[in-house]
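Summary of structural features
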Amino acid sequence: MSSNTRNAAAFRSQSSFWKRSPAFTPTEVDYAFSSDMLDAFDEPVASLPLKNQTDIRNTSHTTEQQQPKSPTTIDTTESSAQTEHKTRSLENNSNETDATTTSKTPSTNDDPLMRKFHAVLSTSNIDLEQLQKLSWKGIPAEYRGTAWRLLMGYLPLNASRRELTVQRKRKEYDDWVGQTFSRGEDALDRTLWHQIRIDVPRTSPGSPIFQNQRIQRSLERALYCWAARHPASGYVQGINDLLTPFYYVFIEQHLPQISQHTSATSSGSTANTLDALLGSLDEKTVSAIEADSFWCLTKLLDGIQDNYTHAQPGIQRQIVKLKELVARIDGPLAAHLDSECVEFIQFAFRWCNCLLMREMNLASTIRMWDTYLAEPDGFSDFHTYVCAAFLLKWTKDLQKLDFQKIMMFLQSPPTESWGVKDVELLLSEAYMYKCLYHNSPSHYSTAAASGRR
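Each chain has its residues counted from 1, running along the sequence as written. Residue-level local features of this predicted model are given only where pLDDT is at least 70; pairs of side-chain atoms are given and counted only at 80 or more, and the full residue set underlies all totals for whole chains, interfaces and linings. Side-chain calculation: all heavy atoms of the structure are included, whereas hydrogens and water are not.

A closer look at helix α4 (residues 128-136)
Short version of the rule: Only protein chains enter the accessibility calculation, which uses a 1.4 Å probe. A residue is then buried if its area is under 20% of the maximum for its type, exposed if over 50%, and partly exposed in between. The helix count covers DSSP runs of H or I at least four residues long, the strand count covers runs of E at least two residues long, and both are numbered beginning at the N terminus. The contact definition used throughout considers only heavy atoms, calling two residues in contact when any of these lie within 4.5 Å. Any pair of N or O atoms that falls within 3.5 Å is considered a polar contact. Within protein, one atom must be able to donate a hydrogen and the other to accept it, and sequence-neighbouring residues count only if both atoms are side-chain atoms.
All of the buried residues along α4 are L131, L134, S135 and W136. Residues of α4 that are buried in the fold lie against α3 (112-121), α5 (141-151), α15 (362-374), α16 (378-392) and α19 (420-437). Its side-chain oxygen at 3.1 Å from the backbone nitrogen of E129, D127 defines the N-terminal cap of α4. Following α4 by one or two positions, G138 has its phi on the positive side, about 110°.

Structural notes on the environment of L243
Summarising the element assignment, L243 is placed in helix α9 (residues 239-254). Separated by 53 residues in sequence, L243 and C296 have C-alpha atoms that sit 8.4 Å apart. Apart from residues no more than four positions distant in its own chain, L243 is found in contact with L219, A222, L223, S293, F294 and L297.

Points about the packing of α4 against α5
Rules: Between N-to-C directions, angles span 0 to 180 degrees; the directions come from axes that are lines fitted to C-alpha atoms, helices contributing only their stretch in contact. Note on angle classes: values under 35 degrees are labelled roughly parallel, values over 145 roughly antiparallel, values of 65 to 115 roughly perpendicular, and the remainder oblique. Put simply, a crossing is left-handed when the front helix is turned counterclockwise from the back one by less than a right angle, and right-handed when it is turned clockwise. Asp, Glu, Lys and Arg are counted as charged, while Ala, Val, Leu, Ile, Met, Phe, Trp, Tyr, Cys and Pro are counted as nonpolar; the rest, among them Gly, fall into the polar class.
With their axes 11 Å apart at the nearest point, α4 and α5 run at an angle of 125° to one another. By the criterion of interaxial angle, the relationship of α4 to α5 is oblique. For the element pair α4 and α5, the recorded crossing hand is left-handed. Contacts between α4 and α5 involve L128, L131, Q132 and S135 on the former and, on the latter, A147, L150 and L151. Classifying every residue of the contact of α4 with α5 gives 5 nonpolar, 2 polar and no charged.

Side note on the pattern of salt bridges
Keep this limit in mind: Each reported salt bridge corresponds to a side-chain nitrogen of Lys or Arg within 4 Å of a carboxyl oxygen of Asp or Glu.
For the structure on display, the rule yields 18 salt bridges. Salt-bridge contacts for R214 lead to E283; the nearest nitrogen and oxygen are separated by 3.1 Å. One end of the pair, R214, is in helix α8 (residues 213-228); the other, E283, is in helix α11 (residues 283-303), and 69 residues separate them in sequence. Notably, a salt bridge pairs K393 with E429, separated by 3.7 Å at the nearest N-O pair. Note that K393 is positioned in the loop between α16 and α17 (395-398) and E429 in helix α19, a separation of 36 residues in sequence.

Some thoughts on unusual backbone geometry
Phi is positive for A311, which is not a glycine, with a value near 70°. Within the secondary structure, A311 is located in the loop between α11 and α12 (313-329). Of the residues examined, A311 reaches a relative accessible area of 54% and is grouped as exposed. The phi dihedral of D377 is positive, around 55°, even though this residue is not glycine. Locating D377 in the fold gives a position in the loop between α15 and α16.

What to know about the packing of aromatic side chains
Aromatic ring pairs are defined here through the distance separating the ring centres and the angle between the ring planes. This is how the line gets drawn: Side-chain rings of Phe, Tyr and Trp, where Trp is taken by its six-membered ring, are said to pair if the distance between their centres is within 6.5 Å; with planes under 30 degrees apart they count as stacked, over 60 as edge-to-face, and otherwise as tilted. Our definition puts a charge over a ring when NZ of Lys or CZ of Arg is within 6 Å of the ring centre and also within 35 degrees of the ring normal.
In the structure shown here, the tally under the stated rule is 24 aromatic pairs. Aromatic ring contacts, followed pair by pair, group W136, W148, F246, F250, W369, Y372, F379, F382 and Y431 into a single cluster. Positioned above the aromatic ring of F250, the side-chain terminus of R149 is 3.8 Å from the ring centre. Sitting over the face of the ring of W295, K169 holds its NZ or CZ atom 3.5 Å from the ring centroid.

So, the nonpolar core
Filter applied, for reference: Only buried residues count toward a nonpolar core, which is a set of Ala, Val, Leu, Ile, Met, Phe, Trp, Tyr and Cys residues joined through side-chain atoms within 4.5 Å.
Ranked by internal contacts, the top residues of the largest apolar core, which has 112 residues, are I251, W369 and L391. A per-element tally of this core places α16 first, with 10 residues.

Given below as structure tokens:
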């Protein structure tokens, strides 16, 4: 047995996939093409009347977002989900205005992108194609929560149906939580509940918001309810990661200032400030955020369900396609990985299972999801091209490394300092590969053949 083969076998027996440590610094690369190529609108929007525009949700209230209340003390010692649920109320389904289905009226100083989003989201029947085109280039934080709910299909495009739909879905989820946890944690599936309780504290370790006890309890309820209602797939590690972008975006609608307190290097005082901000959210708001996150996660996983059923065939297909695509685009890299006995499943499985969330910070993930939601099959087909672009970004470095160093590099790629520009470059390259190779199976066949020579 060769040393490379022994190294590969030894690596497969390890479980260090979840480690993250900085190793390299990304190089600056020019954009493959400008994001302006996807400009969605030609008509001027500056002339749109702003003062008397009605809110996109039909409501009798005029206040869109209340100032945060004074921080309340959170009792983190209560372990009973039954007791926690008693604080929920059917008031969660009242007609009080929140940030879920409303759009802000931009000032005259806002940039054109803000005004375009306002124009689209303020119509009584939203043009989904226009919203998708506009969202591809990134969604402003002020509009992201509403846009994501619409793009996921959770909110109806017709404004007149939105209020009743949200009320009904939130009440349905609240009833499920009540039924599921009514007899306490002892009546739950102990294996499933134990696994979720283990995984949630490890979710997004670089984001202090998800280390908050109140938030963790909420994530646990949502994940358990989803798993209990999807026995064909059940809960698997990685699904906990997919819930967090929705949760963060929906919290940010109510607490825009949390973006200033989500660094992994936050000090103790900053963490206390963040806890105080989260504590200012009342139970009704937290319940609404939890319900909306649950339904959006459900919509997302419905589209990639075979990624999480037995043997995860969806991920297996993505990995095969990724390997063939890389061989077609960069033959020398594919040959080097093969000579070092590097199997794509050893690193790409996590990329597909967690949608690259463990390779990027949360802000980068959220920007990437703006585009995924605007792309047909963004979380499956387009994600494969993003994985290809991600791997090819490091081709010069990887071709100098042996098996062990390749795997260490791919476990902790140098993305800690990535910003919006880096993510948009990656998306642009992925889009370019999609335009060149999508629906071209002959290319993959040729690639596979050349890779075997």
